[in-house]
Amino acid sequence: MRSFKILLILIVMLLQYQLWFGKNSLNDYFALRDEVAKQAIANQELVQRNAILVADIADLRNGLDAVEEQARNELGMIKQGETFYRLIPSSSTK
């Protein structure tokens, strides 16, 4: 009977060791849970960015105003008959 109790205690100790320090232990679980939460936040930011890009694509397909705006901002294009003014800040600071 005594050896049976010792065997049961050893089995419980082995299971506890596996739970706390073995492969896929509680420490691993908590680390992975935090990593999943961080990835979910990153995914949400990417979903928002994709929604903005989809809206931009729809705007570019449907209207010429968006195309004209992007040409002005990114390529520096000017309509015929317009006058372009560049403001240069003064080099002296007061």
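What counts and what doesn't
Residues numbered from 1 in each chain as written. Predicted model: local features only at pLDDT ≥ 70, side-chain atom pairs only at ≥ 80, totals over all residues. Heavy atoms only, no water. Helix = DSSP H or I, 4+ residues; strand = E, 2+ residues; numbered from the N terminus. Rg over C-alpha atoms; globule rule 2.2 N^0.38 Å. Buried < 20%, exposed > 50% of the residue type's maximum accessible area, 1.4 Å probe, protein only. Areas by Shrake-Rupley, 256 points an atom, 1.4 Å probe, with all protein chains shown as cover. Lys, Arg positive; Asp, Glu negative; His and termini not counted. Charge placed at Lys NZ, Arg CZ, Asp CG, Glu CD. Salt bridge = Lys/Arg side-chain N within 4 Å of Asp/Glu carboxyl O. pLDDT = per-residue confidence, 0-100. Patch = residues over 30% accessible without salt bridge, like charges linked within 9 Å, V, L, I, M, F, W, Y side chains within 5 Å. Contact = heavy atoms within 4.5 Å.

A.B. asks: Could you clarify how one ought to interpret the overall build of the protein in this entry?
C.D. replies: Along the protein, the regular secondary structure elements total three helices and zero strands. Counting from the amino terminus, helix and strand elements in the protein follow one another as α-α-α. Taken over the C-alpha trace, the protein has a radius of gyration of 32 Å; the compact-globule value for 94 residues is 12 Å, which it surpasses by more than 25%. Taken over 94 residues, the protein has a buried fraction of 4%. When the accessible surface of the protein is totalled, it reaches about 9300 Å², and 61% of it is carbon and sulfur. In the protein, 11 side chains carry a positive charge and 11 a negative one; their mean positions are 14 Å apart.

A.B. asks: It is not clear to me how unusual backbone geometry should be interpreted in this structure. Could you clarify?
C.D. replies: For residues that are not glycine, phi is negative in most cases, and the peptide bond is trans in most cases. Residue N24 is not a glycine yet carries a positive backbone phi of 60°. Along the chain, N24 falls in the loop between α1 (2–21) and α2 (26–62).

A.B. asks: Hey, could you run me through the pattern of salt bridges in this one?
C.D. replies: Opposite charge on two side chains permits pairing when their charged atoms draw close. By the definition in use, this model includes three salt bridges. In this structure, R72 and E68 form a salt bridge, with 3.4 Å as the shortest nitrogen-oxygen distance. One end of the pair is R72 and the other is E68, both in helix α3 (residues 64–75) and four residues apart, which spans about a single turn. The exposure class assigned to E68 is partly exposed, which follows from its relative accessible area of 30%. Connected via shared salt-bridge partners are E68, R72, K79 and E82.

A.B. asks: Could you clarify how one ought to interpret the confidence of the model for the protein in this entry?
C.D. replies: Any residue range with low pLDDT should be treated as having predicted coordinates unsuitable for detailed reading. Overall, the prediction assigns the protein a mean pLDDT of 86, with 98% of residues at 70 or greater. Across the protein, the element-wise mean pLDDT spans from 81 in α3 up to 92 in α2.

A.B. asks: Looking at this structure, I do not really get a negative patch on the surface. What am I missing?
C.D. replies: Together, D56, D59, D65 and E69 make up a region of like negative charge exposed at the surface. Within the residue set of the negative patch, elements represented by two or more residues are α2 and α3. Looking at the element boundaries, D59 is found in helix α2.

A.B. asks: Sorry if this is basic, but what is going on with a nonpolar patch on the surface here?
C.D. replies: Taken together, the side chains of M1, F4, L7, L8, I11 and L15 present a nonpolar region at the surface, about 650 Å² in accessible area. Topologically, M1 is positioned in the segment before α1. Residue classification places M1 among the exposed positions, given a relative accessible area of 73%.

A.B. asks: Looking at this structure, I do not really get the side chain of S25. What am I missing?
C.D. replies: Tracing the chain through its elements places S25 in the loop between α1 and α2. If we skip the residues at most four places from it in the chain, S25 touches Q18, L19 and W20.

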